[in-house]
Amino acid sequence: MAEKTSETPLLDELEKGPWPSFVKEIKMAAETNPMGSDLLNLLERSYREKICHWKHGGIVGVLGYGGGVIGRYNDLPEEYPHIAHFHTMRINQPAGWYYSTKALRTVCDIWERHGSGITNMHGSTGDIILLGCHTDALEPTFQELAKNGFDIGGSGSDVRTPSCCLGQSRCEWSCYDTMAACYDFTMTYQDEIHRPAFPYKWKFKFSGCPNDCVAAIARADISFIGTWRDDIRMDKDAVLEYADRGLDIQKDVVELCPAKCIAWDGKELCIDNRACVHCMHCINVMPKALRPGTDTGACILIGSKAPIIEGAFLSSVIIPFFKMEPPYQELKDLVEEMWDLWCEEGKNRERIGEFIQRVGMGNFLEAVGVEPVAEMVAHPRENPYIFYEEYFEEEDEEEEEADE
Amino acid sequence: MAIDLKDRITDIGPPHYEQFLPPVIKENYGKWKYHEILKPGVLMHVSETGDKVYTIRAGGSRLMSIKKIRMICDLADKYCGGHLRFTSRHNIEFMTTDESKIDEIIEALAELGHPVGGMGKSITSIVHTQGWIHCHSAATDASGIVKAVMDAIFEHYANMDLPAKCRIALACCLNMCGAVHCSDIAILGVHRRPPIIDHKNLRKVCEIPNVSASCPTAAIRPATVEGVASVEIIEEMCMFCANCYTVCPALPLNNALNDGVSLWVGGKVSNARQEPMFSKLAVPYIENEPPRWPTVVNSIVNIIDVWRKDARNYERIGEWINRIGWPNFFKKTGIPFQKEHIDDFKHAGLTYKRSAHLTY
């Protein structure tokens with residue numbers, strides 16, 4: 001830009017090499033928008049000083065929504081005036097991240113008119129991220145996007161934008177229609193996505209099989225991981241084909257099965273399906289020969305999160321198997337039951353996983369009306385400190401005798 | 001600013017995905033039978049109906065200009081009937097039913113600077129957070145480290161030459177917007193200096209009880225400092241999680257002299273073979289070295305090289321370490337084991353070695 005020579009020797013180093021360069025992308029945006037050149041110069045300064053120059057949050061948003069816009073201001077607005085305001089808008093992605101070029105171009109045109117022209121495709125939770133919006137431009141950007149069928153996603157203490165793997169659209173392993181489920185839950189909980197009313201964030205993630213391509217078990221408050229109950233489908237000829245093509249079935253399939261439920265005699269593969277733990281390894285190695293069964297659904301787990309505050313958790317089983325069929329009412333009832341309890345009893349910034357740790361899984365299950373089953377634990381408790389809530393008195397026994 | 005409420009649209013949700021599906025995807029939805037990786041970055045899915053779709057996966061940089069998105073749209077218009085998709089790891093996928101177009105698409109992508117790969121036993125794009133580009137609590141940059149690391153290990157993106165898949169992720173602070181804690185290799189920005197309290201402004205911008213309550217180790221207590229209501233921090237109890245800073249802007253932790261990067265290894269989310277597991281600490285601290293973070297890059301290259309040569313087929317980093325044991329991981333990689341590796345947070349004792357199962 002004319003007003004500032006773009007001297008960025010450090011960032012220029014990151015234009016070299018075979019991997020796509022984000023610096024080139026910012027420079028492309030800077031060709032037509034001074035926000036890009038200010039961003040480049042401010043980032044160069046961060047690279048020199050080894051510190052970021054963004055101030056803490058600030059409450060900005062669009063009318064009637066409490067989430068979906070992350071306020072961002074730089075701490076040197078006189079020197080970098082074009083990015084004095086540089087807010088993020090999270091735009092709810094279409095399930096499975098499929099686009100028509102027409103829709104993508106529409107988003108680009110709107111973002112060219114109102115913002116920096118810089119995006120993330122996509123953010124970690126899954127949204128389209130529009131990076132760098134002036135406060136005054138938030139509402140017009142939103143309304144133009146809305147007129148073209150797009151809406152804002154979640155942020156803060158609300159339902160975060162749900163996300164899913166591409167599921168049955170292009171994967172033979174998907175044990176339920178993840179995109180349909182994700183879209184359905186997203187539409188049901190529009191109010192909860194846009195208007196934060198929880199102790200902290202709540203994430204829905206839908207994975208079609210135990211390979212878990214959207215990392216549901218690591219980062220969703222409720223994780224829907226596709227699985228099956230019947231037998232792995234097998235094409236015996238295709239098994240032989242893999243063997244002929246040089247796959248060492250004994251070493252690479254049989255010996256790596258965690259349940260030790262596969263046998264191979266050089267001609268025939270035998271699976272003890274009742275012992276199978278549905279890990280996916282054999283299917284991953286021989287996709288042409290093996291497939292999940294046809295009695296499919298999802299294993300539903302609860303409570304994963306990153307470390308802040310009580311440490312990182314993986315989700316744990318709450319429903320071992322559920323047929324994932326619309327309208328998913330039983331699941332929604334359960335989710336809402338959990339929300340009621342968590343909103344009533346949860347502490348500020350306490351994820352549901354932390355809440356469950358604090359009150360105890362047994363008490364949590366009782367409160368939300370789910371029966372405990374052995375599938376919920378890796379093993380039963382090792383300590384004898386059981387909280388019994390009731391005990392007998394001498395009189396109880398006498399009363400009982402009197403009743404007889 | 002006056003907002004015209006008439007005709008205002010809200011709560012419509014995302015566009016329905018069906019309108020964006022390429023015809024072959026729409027027609028074979030739920031009917032896919034099997035797939036094969038034809039070569040690095042190229043998938044073939046075969047349907048029960050006999051239809052085939054070829055997918056070309058290209059690396060993206062996550063941060064994209066609208067100019068680039070339009071160029072990618074041009075490519076999808078030319079070869080893919082105006083459809084494309086993105087993956088959960090910032091890759092861009094182009095789908096076609098015409099096998100003869102695959103190489104043309106790969107060439108066109110190369111011209112745009114987007115290499116093809118990231119399938120099977122390879123490293124795929126690194127998921128990451130905003131870093132110094134857009135975050136207030138970043139202890140390091142995100143895009144810069146990712147670019148430098150991917151350049152250095154690019155051969156493992158473009159070829160399927162590893163024992164198993166390897167998933168790398170980066171988060172620029174402990175908030176972990178990217179949930180990196182279950183990655184084969186996690187790069188995590190860390191602060192190492194307790195917050196510098198802005199006593200003058202704290203009570204104006206923060207609720208003191210909330211600030212106290214936000215500290216997982218109860219190191220923050222209400223205090224009157226120079227006649228002003230504020231807080232005090234017991235510095236030896238601070239483990240630099242920055243939860244207080246998230247709640248209160250008057251407690252910044254960012255510090256050029258002390259911020260840096262830690263490396264974690266052996267996590268996974270997939271259930272394949274061994275159960276999902278967390279990543280564990282490999283390197284507690286590496287100082288920030290912009291623009292190309294050579295120590296971080298070399299450490300990661302070293303871990304991948306040692307794993308690649310030592311692991312059995314299909315063993316991901318965590319599964320390999322579970323077999324050889326952590327002492328051997330440190331021995332083989334040459335990474336020094338030190339005090340910081342031993343957990344001292346809640347339930348730390350569960351991570352101590354409580355058997356005589358050791359190798360000599």
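Our structure's up above, just so we're on the same page.
Residues numbered from 1 in each chain as written. Chains lettered and ligands numbered in written order. Predicted model: local features only at pLDDT ≥ 70, side-chain atom pairs only at ≥ 80, totals over all residues. Heavy atoms only, no water.

Draft legend 1. Broad picture of the nonpolar core. Formed by 115 residues in total, the largest nonpolar core has its most connected members in W202(A), F204(A), F206(A), F224(A), M324(A), F364(A) and F94(B). Discounting chain neighbours no more than four positions away, the residues touching F364(A) are I302(A), I318(A), M338(A), L341(A), I352(A), F355(A), I356(A) and V359(A). In this structure, M35(A), A148(B), I153(B) and I335(B) belong to the second largest nonpolar core, which totals 68 residues. (Core = buried A, V, L, I, M, F, W, Y, C linked by side-chain atoms within 4.5 Å. Buried < 20%, exposed > 50% of the residue type's maximum accessible area, 1.4 Å probe, protein only. Contact = heavy atoms within 4.5 Å.)

Draft legend 2. Fine view of the sheet that holds strand β8 (residues 185–190) of chain B. All names here are of chain B. With respect to topology, four strands assemble into an open sheet ordered β7-β8-β11-β12, the strand pairing being mixed. Edge positions in the sheet fall to β7 (168–171) and β12 (280–287), since each of these pairs with one other strand and no more. Averaged over all neighbouring strand pairs, the angle between strand axes comes to 20°, with direction disregarded. Strand direction decides the pairing type here: β7 and β8, joined by four bridges, are parallel. Bridged to A171 within β8 is L188. (Pairing = 2+ DSSP bridges. Helix = DSSP H or I, 4+ residues; strand = E, 2+ residues; numbered from the N terminus. Axes fitted to C-alpha atoms, helices over the stretch in contact; angles between N-to-C directions.)

Draft legend 3. Summary view of the sheet that holds strand β4 (residues 63–65) of chain B. Taken in spatial order, the five strands make up an open sheet running β1(A)-β2(A)-β5(A)-β4(A)-β4(B), and their pairing is antiparallel. Single-partner strands in this sheet number two, and they are β1 (69–70) of chain A together with β4 of chain B. Sheet topology note: the β1(A)/strand β2 (residues 87–91) of chain A ladder contains two bridges and is antiparallel. Paired with V69(A) across the strands is M89(A), a residue of β2(A).

Draft legend 4. Here's a closer look at the environment of R274(A). All names here are of chain A. With respect to the helices and strands, the residue R274 is situated in the loop between β11 (269–271) and α11 (281–285). Here R274 falls in the exposed class, since its relative accessible area comes to 61%. Put simply, R274 and L290 are 16 residues apart on the chain and 16 Å apart in space, counted from C-alpha to C-alpha. Sequence-distant contacts of R274, defined by excluding residues within four places in its chain, comprise R229, D230 and D231. A distance of 3.3 Å separates polar atoms of two side chains, one belonging to R274 and the other to D231. (Polar contact = N/O pair within 3.5 Å; in protein donor to acceptor, adjacent residues only side chain to side chain.)

Draft legend 5. Representation of the pairing of strand β2 (residues 42–47) of chain B within the structure. Residues and elements named next belong to chain B. Across the six residues of β2, six count as buried, placing the element largely inside the fold. Because side chains alternate across β2, one face comprises the buried residues V42, M44 and V46, and the other comprises L43, H45 and S47, equally buried. One ladder, built from six bridges, connects strand β1 (residues 32–39) with β2; its direction is antiparallel. Looking at β2, one finds that I37 is bridged to L43.

Draft legend 6. Quick peek at the interface of chain B and chain A. Taken residue by residue, the interface counts 117 residues in chain B and 120 residues in chain A. In total, about 10,500 Å² of surface goes out of reach between chain B and chain A, with carbon and sulfur atoms giving 61% of it. If you look at where chain B meets chain A, you find 12 salt bridges. Here E310(A) and K346(B) are joined by a salt bridge, their closest N and O atoms 2.4 Å apart. Summed over the shared surface of chain B and chain A, the number is 61 residue pairs in polar contact (both at pLDDT 80 or more). Per element, the largest residue contribution to the side of chain B that touches chain A is 10 residues, and it comes from helix α2 (residues 66–79) of chain B. Across the side of chain B that touches chain A, the residue classes break down as 56 nonpolar, 39 polar and 22 charged. Strand direction decides the pairing type here: strand β3 (residues 98–100) of chain A and strand β5 (residues 83–86) of chain B, joined by three bridges, are antiparallel. Counterpart to S100(A) in the pairing with β5(B) is H83(B). (Buried area = accessible area lost by both parts, 1.4 Å probe. Salt bridge = Lys/Arg side-chain N within 4 Å of Asp/Glu carboxyl O. Nonpolar A, V, L, I, M, F, W, Y, C, P; charged D, E, K, R; others polar.)

Draft legend 7. Inspection of the state of the cysteines at higher detail. All names here are of chain B. Scanning all chains against the criterion turns up one disulfide over all chains. What pairs with C206 in a disulfide is C248, and their sulfur atoms sit 2.0 Å apart. Here the S-S torsion is close to 70°, and the disulfide linking C206 with C248 is therefore right-handed. A residue pair is termed long-range when its members are at least 10 positions apart, and C206 in the loop between α6 (199–205) and α7 (208–213) and C248 in the loop between α8 (243–247) and β11 (260–265) qualify at 42 residues. Per residue, the accessibility class of C206 equals that of C248, and both read buried. There is no disulfide at C177, and the cysteine sulfur nearest it, in C135, is 6.2 Å away. Just so you know, C182 is unpaired, no disulfide at all, and the nearest cysteine sulfur is the one on C166, 14 Å from it. (Disulfide = S-S within 2.5 Å.)

Draft legend 8. How the structure looks around the pattern of salt bridges. Here the structure, examined in full by the defined rule, presents 43 salt bridges over all chains. Between E232(B) and R221(B) there is a salt bridge, and its shortest N-O distance comes to 3.2 Å. Remark: R221(B) occurs in strand β9 (residues 220–225) and E232(B) occurs in strand β10 (residues 228–233); sequence separation between them is 11 residues. You can call E232(B) partly exposed: its relative accessible area is 34%. What makes R221(B) partly exposed here is its relative accessible area of 42%. A single salt-bridge network, built from bridges that share partners, covers R170(A), R57(B), R85(B) and E93(B).

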